[in-house]
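Fold and contact review
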Amino acid sequence: MFNAAIRLRLAPIAILTSLALLTSCSGSADKDKARGLLDAATQAFDRGDYSSALSLADSLKRTYPDQIDIRREALHITTRATEGLTLRRLETADSILAVLGVKGDSLQKLIRYVKNPIEGYYVGINAKDGGIVGSNGLQARLNPDGSFYLISSLKARPVKSTSVTVTCNEASASTSAIPHDGERNDRSMGAEIITYIGAECDSLGHFIMLHRSQPMTLTFNGSSTYSMPLPQSQIQEIATLYEYSTIMRQAKVAALEKEKLTRALDIARAQAAKTFVEKTDDEK
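A brief report on the enclosed structure follows.

**What about the overall build of the protein?**
Within the protein one finds 5 helices and 10 strands. Evaluated residue by residue, the protein yields a buried proportion of 37% over its 284 residues. Considering only residue pairs separated by 6 or more positions, the protein has 62% of its internal contacts joining residues 24 or more positions apart. As displayed, the protein offers around 16,600 Å² of accessible surface, 56% of which is attributable to carbon and sulfur atoms.

Listed below in structure tokens is the structure:
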């Protein structure tokens, strides 16, 4: 009877001891697994695989939230990998800007600035000083900010034009229709003069740039139509100014991206410095 009572008293102690041992073993196993993920993340970082390093460090933080010390080391890997990725993207942005700069410089030689009492603009280097008014065809222009626009002029015959279409082989592109208003669609100077801006002529400029080496037909659309070959000189001028405008837009975007990445790199470096963990002699 006495022995039975003793065994009953000892049973809970044995159970608690077993649970403690199991918990200790489990904690040790988790620590080993977490350390394994940290080592893998460190190796990925060392070989420049920053995306994998970030993924492994994130997996460690999510899977083993109780491993505080190891997670602290993983946080430093995360900030360093973020720094590495940002630096790599910054280098790419620099390269893009350099390439765009070279292209822009080469195209800039093919355009010239025209002074105007209201606002100056750029045209093709061989464009007529008097512009396109009084002749037939299209002229491309650029505002100083790089905005592309087109002017159509029709003197051959009145069709009360509101838009133009350019055809190359079986493909074509058109401007938006601009109603006659005496300003952007003007018929008071012995010709039908229409100014197309922004999205109204973007697809047409892009189309001409893509087909610049091929013959094209220009059609004026209105109450009737009139078609003519688009002069090769106008094709080249339109293509050049549209490409230059595109490069200017891309350079602005790349410059903003570089500025954003430069700030992000500074932040990543500051965070990396804050998360650095000094290892003890036993840990080294």
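Picking up after the structure, the text goes on.
**Points about the sheet that holds strand E10 (residues 225-229)**
Pairing between the strands of a sheet comes from backbone hydrogen bonds, and it takes one of two forms, parallel or antiparallel. On the basis of which strands lie adjacent, the open sheet formed by 4 strands has the order E6-E5-E9-E10 and antiparallel pairing. Since the sheet does not close on itself, it has two edges, and those belong to strand E6 (171-174) and E10, each with one partner. The mean angle between the axes of side-by-side strands here comes to 20°, regardless of whether they run parallel or antiparallel. On top of the sheet, helix H4 (residues 199-210) reaches strand E5 (163-168) and E6; it is set at about 150° to E6, its chief contact.

**With respect to the environment of glycine 182**
Here glycine 182 shows up in the loop between E6 and strand E7 (185-186). On the basis of relative accessible area, glycine 182 is assigned to the partly exposed category, the value being 38%. Separated by 12 residues in the primary sequence, glycine 182 and isoleucine 194 place their C-alpha atoms 9.5 Å from one another.

**Side note on the pairing of strand E3 (residues 137-142)**
For E3, the tally of buried residues reaches 6 of 6 residues, placing the bulk of the element in the interior. Burial along E3 is two-sided: Gly137, Gln139 and Arg141 facing one way and Leu138, Ala140 and Leu142 facing the other are all buried. Note: E3 against strand E4 (residues 148-154), 6 bridges, orientation antiparallel. Within E4, the position partnered with alanine 140 by the bridge is leucine 150. Counting the residues between successive antiparallel strands, the hairpin from E3 to E4 contains 5 residues, one of them, glycine 146, with a positive phi of roughly 95°.

**A few points about the pattern of salt bridges**
Enumeration over the complete set of coordinates arrives at 12 salt bridges. The closest approach of N and O atoms between glutamate 73 and arginine 35, which form a salt bridge, is 3.3 Å. Taken as a pair, glutamate 73 in helix H3 (residues 68-108) and arginine 35 in helix H1 (residues 2-46) lie far apart in primary sequence, 38 residues in all. Under the relative-accessibility criterion, glutamate 73 is labelled buried at 14%. With a shortest N-O distance of 3.3 Å, glutamate 83 and arginine 269 are connected by a salt bridge.

**Comments concerning the environment of arginine 269**
Locating arginine 269 in the fold gives a position in helix H5 (residues 232-274). We classify arginine 269 as partly exposed; its relative accessible area is 40%. Separated by 185 residues in sequence, arginine 269 and glycine 84 place their C-alpha atoms 9.5 Å apart. Within polar-contact distance, the side chain of arginine 269 engages the side chain of glutamate 83 at 3.3 Å.

**Let's talk about the layout of surface pockets**
A volume near 270 Å³ is recorded for the largest pocket. Lining the largest pocket, in full, are Asn116, Ile118, Glu119, Tyr121, Arg141, Asn143, Tyr149, Thr195 and Ile197. Classifying every residue of the lining of the largest pocket gives 4 nonpolar, 3 polar and 2 charged.

Calculation criteria
Residues numbered from 1 in each chain as written. Predicted model: local features only at pLDDT ≥ 70, side-chain atom pairs only at ≥ 80, totals over all residues. Heavy atoms only, no water. Helix = DSSP H or I, 4+ residues; strand = E, 2+ residues; numbered from the N terminus. Buried < 20%, exposed > 50% of the residue type's maximum accessible area, 1.4 Å probe, protein only. Contact = heavy atoms within 4.5 Å. Areas by Shrake-Rupley, 256 points an atom, 1.4 Å probe, with all protein chains shown as cover. Pairing = 2+ DSSP bridges. Axes fitted to C-alpha atoms, helices over the stretch in contact; angles between N-to-C directions. Salt bridge = Lys/Arg side-chain N within 4 Å of Asp/Glu carboxyl O. Polar contact = N/O pair within 3.5 Å; in protein donor to acceptor, adjacent residues only side chain to side chain. 1 Å grid on protein atoms, 1.4 Å probe; cavity = no way out; pocket = protein on both sides within 12 Å on 5 of 7 lines; lining within 4 Å. Points joined across faces, edges and corners; volume = space filled by probe spheres on them. Nonpolar A, V, L, I, M, F, W, Y, C, P; charged D, E, K, R; others polar.

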